[in-house]
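# Inside the fold
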There are 2 protein chains.
Amino acid sequence: MSVSSLSCQVELLTGIEDDHGGVTVLDLKEPMNTQQFASSLRASLSHWRLQGKKGVWIKLPIELVNLVEAAVKEGFGYHHAEPKYLMLVYWIPETVNTIPANATHRVGIGAFVMNDKREILLVQEKSGKFRGTGFWKIPTGVVNEGEDICIGAVREVKEETGIDTEFVQVLAFRQSHKAFFGKSDLFFVCMLRPLTFEIQKQELEIEAAEWMPIEEYAAQPIVQKHELLKYIIDIGLAKVDKGYAGFSPVPTSSAFSSNQSYLYLNCKDLSK
Amino acid sequence: MSVSSLSCQVELLTGIEDDHGGVTVLDLKEPMNTQQFASSLRASLSHWRLQGKKGVWIKLPIELVNLVEAAVKEGFGYHHAEPKYLMLVYWIPETVNTIPANATHRVGIGAFVMNDKREILLVQEKSGKFRGTGFWKIPTGVVNEGEDICIGAVREVKEETGIDTEFVQVLAFRQSHKAFFGKSDLFFVCMLRPLTFEIQKQELEIEAAEWMPIEEYAAQPIVQKHELLKYIIDIGLAKVDKGYAGFSPVPTSSAFSSNQSYLYLNCKDLSK
């Protein structure tokens, strides 16, 4: 609790300084009176202005929703929200606002999984754009927050079809805009090698799943109509038949974090 | 305005139905009394529950911040926020909540630009991790909302150094997590061909910019220490000297939208 609840004196909010001349108020947890909060916020802003601070951030847990209006009335704007909190921001200086934007992209995967009989793994979905059309599509899904593309692709195939796979490569990717809530989408076409072959489809979202000869898949009218779907077949077959080189995940360390992360690159051409 | 301001009768909110059995309240624009809103929302939720609706969305412009607390008290949670609005959501059924997640990734680019003298285009930044270290780095930046990677890379190089370039390929990309506000980062290493050579550095963010022999760049201690930075040199030189094939942007149409979007793929291996 950062604000005195008894004294008439206005107590300042406690902020953590960042590397960019900003300050973040993080420790608001206890219930707080709206008027007290507004007074403290006003006094704190004066204080930070004198200190030459730039961006002021307030992370308000959803339990403190009663304070949102007061912050906006003091001039704060929304920056982003997640289910458990709202992040508000205020830019103090007269100079250009250099506050970084919120996340802009969702990341999805499409899985090209082919067995030795040149059959590919396909599903029919219970909802979404192709519901009820009888269209057989490759398994697709959205990568979870914090999940690597090569992990997410294997997980989605397992969840939808019960098939275990090994990740091979990213064969191509597509960036599209205004995909959902005005945000953009990066869709990675991935080649995976099947390790098991017996399908056990997921009941909630999947209507049907099967191995289908690639020619039969390609002959579907929806595939014929859509350039992207035709490209996926061409690229997948180029991988299987002609040594098409995609990008392979290589674990690497970064200058910005001690965590390992994956760099995806054309290993074949790099080792030439 | 969806709520009657005179009658005692509670007016229902107007919602737009979506393909997933949900409903979105979008037309809230006029100032509204908090109590009236709460009553209307409660009555509307009962109505939608009887109709078997699933996800209920309310998009509240920041001007209507006075209604946020009322919505949360009725059981709504935050889904996401942008500077101008807050999106709230309520899942009606007893079944598993299938509400799609918010955007999870920021997209950045690093630009590998080399001239005929085997000099690469480098900058020193005024702020950030390398400030004051004397480290020369390739131009990097964040792709704007709605901007294509191949467009953003050219824009960033022009902004930081004044150099005009032509986009060639994505050579590799790295996915990392917990990069900012808990979100993930996709960083695309791009090869660009310089069209002009006279540097005019941007004053606000760039301390210095120059063309430097690649060996001199590679000899910097920070590069030697960081695997990712070494990889970027190896891949860039493999592109220049050994015909490394990256992913080229190909405009394509999608099954999901009439907009053109870019598919990035290994053109060389596809046309074999």
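Residues numbered from 1 in each chain as written. Chains lettered and ligands numbered in written order. Predicted model: local features only at pLDDT ≥ 70, side-chain atom pairs only at ≥ 80, totals over all residues. Heavy atoms only, no water.

Below, the discussion takes up the state of the cysteines. Residues and elements named next belong to chain A. Applying the stated criterion across every chain, the model contains zero disulfides over all chains. Of all cysteine sulfurs, the one in Cys190 lies closest to Cys150, which takes part in no disulfide; the gap is 8.5 Å. We note that Cys267 lacks a disulfide partner, and the nearest cysteine sulfur, in Cys150, lies 12 Å from it. Taking the relative accessible area as the measure of exposure, Cys267 reaches 31% and is therefore partly exposed. (Disulfide = S-S within 2.5 Å. Buried < 20%, exposed > 50% of the residue type's maximum accessible area, 1.4 Å probe, protein only.)

Residues and elements named next belong to chain B. Most of strand S3 (residues 55-61) is tucked away, with six of its seven residues classed as buried. Bridging between strand S2 (residues 23-25) and S3 involves three bridges; their strand directions are parallel. Within S3, the position partnered with Thr24 by the bridge is Trp57. Crossover S2 to S3 through helix H1 (residues 34-50) is right-handed. The pairing of S3 with strand S5 (residues 85-91) spans seven bridges and is classified as antiparallel. In the sheet register, Gly55 faces S5, and the bridge partner there is Trp91. (Helix = DSSP H or I, 4+ residues; strand = E, 2+ residues; numbered from the N terminus. Pairing = 2+ DSSP bridges. Right-handed = clockwise from strand over helix to strand, strands pointing away.)

All right, on to the UniProt feature "domain: Nudix hydrolase" (unreviewed entry) in chain A then. When the UniProt feature table is mapped to this numbering, "domain: Nudix hydrolase" (unreviewed entry) covers residues 104-236 of chain A. As annotated, residues 104-236 of chain A comprises 25% helix and 41% strand, and the C-alpha atoms at either end are separated by 29 Å. (UniProt positions renumbered as here; feature names shortened; annotations may be inferred.)

This paragraph deals with the domain arrangement of chain A. For chain A, the domain assignment lists domain 1 (15-91) and domain 2 (105-264). The C-alpha-based centres of domain 1 of chain A and domain 2 of chain A are spaced at 42 Å. (Domains from an automatic or database assignment.)

To continue, consider the packing of aromatic side chains. By the definition in use, this model includes 18 aromatic pairs over all chains. Ring centres 5.3 Å apart and planes at 45° place the aromatic pair Phe76 of chain B and Tyr90 of chain B in the tilted group. In this pair, Phe76 of chain B is assigned in the loop between helix H2 (68-73) and strand S4 (77-82) and Tyr90 of chain B in strand S5, connecting sequence segments 14 residues apart. A relative accessible area of 2% means that Phe76 of chain B is categorised as buried. For the ring pair Tyr262 of chain B and Tyr264 of chain B, a centre distance of 6.3 Å and an interplane angle of 55° mean the geometry is tilted. Residue classification places Tyr264 of chain B among the buried residues on the basis of a relative accessible area of 0%. Put simply, the rings of Phe173, Phe188, Phe247, Tyr262 and Tyr264 of chain A together with Phe173, Phe188, Phe247, Tyr262 and Tyr264 of chain B pair up and form one aromatic cluster. Positioned over the ring face of Tyr85 of chain A is Lys59 of chain A, at 4.3 Å from the centre of the ring. (Phe/Tyr/Trp six-rings, centres within 6.5 Å; stacked < 30°, edge-to-face > 60°. Lys NZ or Arg CZ within 6 Å of the ring centre and 35° of its normal.)

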